[in-house]
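Each chain, letter by letter, is given below.
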Amino acid sequence: MCELTELSPDLRDRYLDRLGGWSGQVSAQGLEELQRKHLYAVPFHNLALLESGGRPYRVPSIVETAQSNATGVGGTCHLTTPAFAALLRCLGFQAALVAGTIRRRGDHIMARVRVEGQDFFVDVGNGHPYLHPLAIGQERRWSVHSWTFAWRSDAAGHRLIRLVGDQERLVYSVDPQPRAWKDFEQTIRAHHEHLGFGPFLSSLRAVRMSPACIQVVRNGVYSRYSAGLVSQRPLSGRSQVIEVLQDRLGLEPGLVEGGVDGLLARDPGALSSKLPAPRVLIATQTIGRTRQVRELVRSVEQDRLRSGLASDQVEVLVLDNQAGQDRKSLRLLDDLACSVKVVPVQAHRDSVAEDLGLSPTLQPPLPIGAGRHALLRAVRACLVADSRPTIVWLVDDDMQLAQLRKGAEGLEIHSSRGLLAEVVELWRSRPELSVAIGTYTGDPPIPAFATWAGQLHDLVANLSALAEMGPEGAWSPPENDRGVADFYYDHAGDTLTVEEGIFWLEGVDGRTGREVLVHLADSLPSMLAGSQVFRPLVAGGPPPSRTTSARGGNVLFLDADTLFAAPFPSLRCSDEVVTRRADSLAAALLERKGDVRCEVVDLPLLHGRRPQDLSSPAATEDTTPKAVARFMESQARGIALGRSMADGRPVGEHLARRRGLHRAGVVKTREGLGRALAALNSPGIWWHEDAVGLVCRDRIESVLDQLAEGLPSQSVLAAAEVDVDEELEKFLELLPEGAERWEASWT
């Protein structure tokens, strides 16, 4: 074989460090390992050609290209494959350069490698996922992230084919005759100096590969090939293209700016995009909350009209997560122009997640994490059936496309914003953003038991104020202070914040004491389900955008493929308690990947909980102390798993801390119940002598009695606190591998 330039030991080692090391096997397996690592570590792009602008080009030496590869700069075939071939020679492989033909004879550079008595062609410089050496005299077919190839090597020649549907497209043919580096100089100069010789002076192409995703920029379109799907985003002009190339593909800033400016100097319209308008797929799962689902669907249609979107741009997918014998008819609205599809959970169970131990095998209604997996399967079917760019909006079934605001008349539900139009604009204007975390108004998305102590504290203060003002006095409380972080959450900062400030009833300013008491009696039952009677979230200014990997009940997947980047793991422990907070584990898994950008955005929805809506303590109507204790335990275990995965500390340490916080919260809740009953039944208060007031008193007392009946004692809590530290640690230990296999299953 023709000789290749020797690389110094120092350059060889730096090059290998860039690739992430090597097993040391001079074998076919070792060759494939190095080829894959090179594709992942050294990007493909034609930025240097675009920057050169057709000027006379000095062909670099192989040592220079190897030095560039060792720093991860990358480029087209002449900057990547020859240096890789030289590295292979240094490592003990027999390697030489050969020519491939794409458009013109010999216009592509590859390597021929001999190992273990077999000759292979190796290509790391074409921007395609060629993850395997191509054996001479053999055939091979493989698929990677929606790309399918066939290699044919026989008496007719050596050909690489790309398969698109039932069509075959020739990628290139290969001449097996070894060549010297200088033999390619004329072709390399032609690529750089003659506009019509190849595509690299007239258009932008850049590719970054990883095991999970192939990211491609072609002029004004950013594409992600992952999970067997293709997500595409438009790039509007220079700044967006530069940001995606730098932030998403990790390319060198100076090279990016020079290449993009070189292209625009020759063709100002080169970065235009002709992608069709995206559809928005709103997906939710429900355990039979028909009324809430109807309100969600109705709000979607109203927002679609406000947003000016066509009826075929918006779809609603509802996963019916009910037991077969309990299934209620989800009678949705028949007069909507947008599509509404209801699918049964049994048809979309995630058997892969169950087999990998990421979801328990249970009968419907499935726990939240397992239900999310089933919802992903249903969403996947919708994505495969329609090739249009799609934004997936995961929402809880008790949400609406509206906001709770504080106006001149008190708290009001507003639906003046066209949120769907804002979502589409976010998709267009923020191509670097994959996942957008929306915010909440109304009831916060936390368990009911984490609000009771604080609300009872507020109830005592409000009852005292009402008692003092009398039945005819006008309600005029102080302004509530929402400047305190997590003011609605009893466990904010992992401490009990129950007695920090008082929140007064809102939305009833100017009404008489009797009217306010009626309002309180009407509202208080929803507190049992987690509704914030005193501390609702109201829409204000946009939240500060911050990078985050958190996911919850209001999440936009602007790149639909990222929906399948991490599972929602939950564990059924030996005591049959299923861990909650699968979102936290999904967030931690996503954080480890590092190639998906998430941010909190100004996208507030209305979240409303009602009595008997099954929000808490579980997807059943069992509100006995034992059931509530097990629900709290499932929450504690889920939080402990998520935090342990995020910070590496023992899961038992986090679990013990969380259990202690929950026990203290129950004590505070019980104390609050006593104070509230005392304030309600204190002698001499006007409502004891008022007909309307007596009814309200009895109704409020009934709610407090219900809470007291369902509140677990310390002994009941202790009985639920089974020693599961070892089970949880084992689950965490196996989780990364299981998550990787789950993600790979989508391809």
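This text goes with the structure placed above it.
My aim in this report is to walk through the structure given alongside it, one point at a time.

Reading the values: rules and limits
- Residues numbered from 1 in each chain as written.
- Predicted model: local features only at pLDDT ≥ 70, side-chain atom pairs only at ≥ 80, totals over all residues.
- Heavy atoms only, no water.
- Helix = DSSP H or I, 4+ residues; strand = E, 2+ residues; numbered from the N terminus.
- Contact = heavy atoms within 4.5 Å.
- Lys, Arg positive; Asp, Glu negative; His and termini not counted.
- Charge placed at Lys NZ, Arg CZ, Asp CG, Glu CD.
- Core = buried A, V, L, I, M, F, W, Y, C linked by side-chain atoms within 4.5 Å.
- Buried < 20%, exposed > 50% of the residue type's maximum accessible area, 1.4 Å probe, protein only.
- Pairing = 2+ DSSP bridges.
- Axes fitted to C-alpha atoms, helices over the stretch in contact; angles between N-to-C directions.
- Salt bridge = Lys/Arg side-chain N within 4 Å of Asp/Glu carboxyl O.

This next bit is on the overall build of the protein. Each helix and strand counted, the protein has 20 helices and 23 strands in total. Seen through its C-alpha atoms, the protein measures out along the principal axes to roughly 105 × 55 × 45 Å. Pairs at least 24 apart in sequence give 73% of the contacts found in the protein among residues at least 6 apart. Put simply, the protein has 82 plus and 95 minus side-chain charges, and the middle of one group is 6 Å from the middle of the other.

Ranked by size, the top nonpolar core spans 82 residues in total, and within it Trp393, Leu459, Leu520, Leu524 and Leu556 carry the most contacts. Ranked by the residues each element gives to this core, the list is headed by helix 13 (residues 452-469), at seven residues.

What follows deals with the environment of Leu39. Locating Leu39 in the fold gives a position in helix 2 (residues 28-41). For Leu39, the residues in contact, after removing those within four places along its chain, are Asp123, Val124, His128, Tyr130, Leu131 and Met209.

Once that is clear, we can look at the environment of Ala739. Tracing the backbone shows Ala739 in helix 20 (residues 725-745). A sequence separation of 604 residues divides Ala739 from Ala135, and the C-alpha atoms of the two residues are 32 Å apart. What Ala739 contacts, discounting residues up to four positions off in sequence, is Leu358, Pro567 and Leu589.

We now examine helix 6 (residues 185-193). Along helix 6, the residues classified as buried are Thr187, Ile188, Ala190, His191 and His192. Tucked into the core, helix 6 has its buried residues touching helix 3 (47-52), helix 5 (77-90) and strand 3 (108-115).

In this section: the sheet that holds strand 14 (residues 279-286). Two pairing modes exist for strands in a sheet, parallel and antiparallel, and in both the strands are linked by backbone hydrogen bonds. On the basis of which strands lie adjacent, the open sheet formed by eight strands has the order 16-15-14-17-22-21-23-18 and mixed pairing. Two strands bound the open sheet, and with one partner strand each, they are strand 16 (339-344) and strand 18 (399-400). Of the strand pairs in this sheet, strand 18 and strand 23 (residues 598-607) are connected by two bridges, and their pairing is antiparallel. Across the sheet, Met399 pairs through a bridge with His607, a residue of strand 23. Where helix 11 (residues 368-385) meets the sheet, it contacts strand 14, strand 15 (314-320), strand 16 and strand 17 (390-395), and its direction lies at approximately 150° from that of strand 14.

Pairing in this open sheet of eight strands is antiparallel, and the strands run 5-4-3-2-9-8-7-6 from one edge to the other. Across the chains shown, the open sheet's two edge strands, defined by having one partner strand only, are strand 5 (134-135) and strand 6 (140-144). Alignment of strand 2 (residues 94-101) against strand 9 (residues 167-179), held across four bridges, turns out to be antiparallel. Residue Thr101 lies in a different strand from strand 9, and its bridge partner there is Ser173. Contacts from helix 2 reach strand 3, strand 4 (118-122) and strand 6 within the one sheet, and its direction differs from that of strand 4 by about 5°.

This next bit is on the pattern of salt bridges. Under the counting rule described, the total for this entry stands at 52 salt bridges. A salt bridge links Arg535 to Asp458, with the shortest nitrogen-to-oxygen separation between them at 2.6 Å. Linking Arg535 in the loop between helix 14 (513-523) and strand 22 (554-557) with Asp458 in helix 13, this pair joins segments that are 77 residues apart in sequence. With a closest N to O distance of 2.8 Å, Glu721 and Arg663 form a salt bridge. One end of the pair, Glu721, is in the loop between helix 19 (714-720) and helix 20; the other, Arg663, is in helix 17 (residues 651-681), and 58 residues separate them in sequence. Shared partners join several salt bridges into a network, and the residues in it are Asp247, Arg430, Glu432, Arg597 and Glu599.

As a further point, take the pairing of strand 13 (residues 229-234). Here strand 12 (residues 221-226) pairs with strand 13 via six bridges, running antiparallel. Pairing of Ser226 across the sheet is with Leu229, part of strand 13. A loop of two residues connects strand 12 with strand 13, the two strands running antiparallel in sequence, and Ala227 in this loop sits at a positive phi of about 55°.

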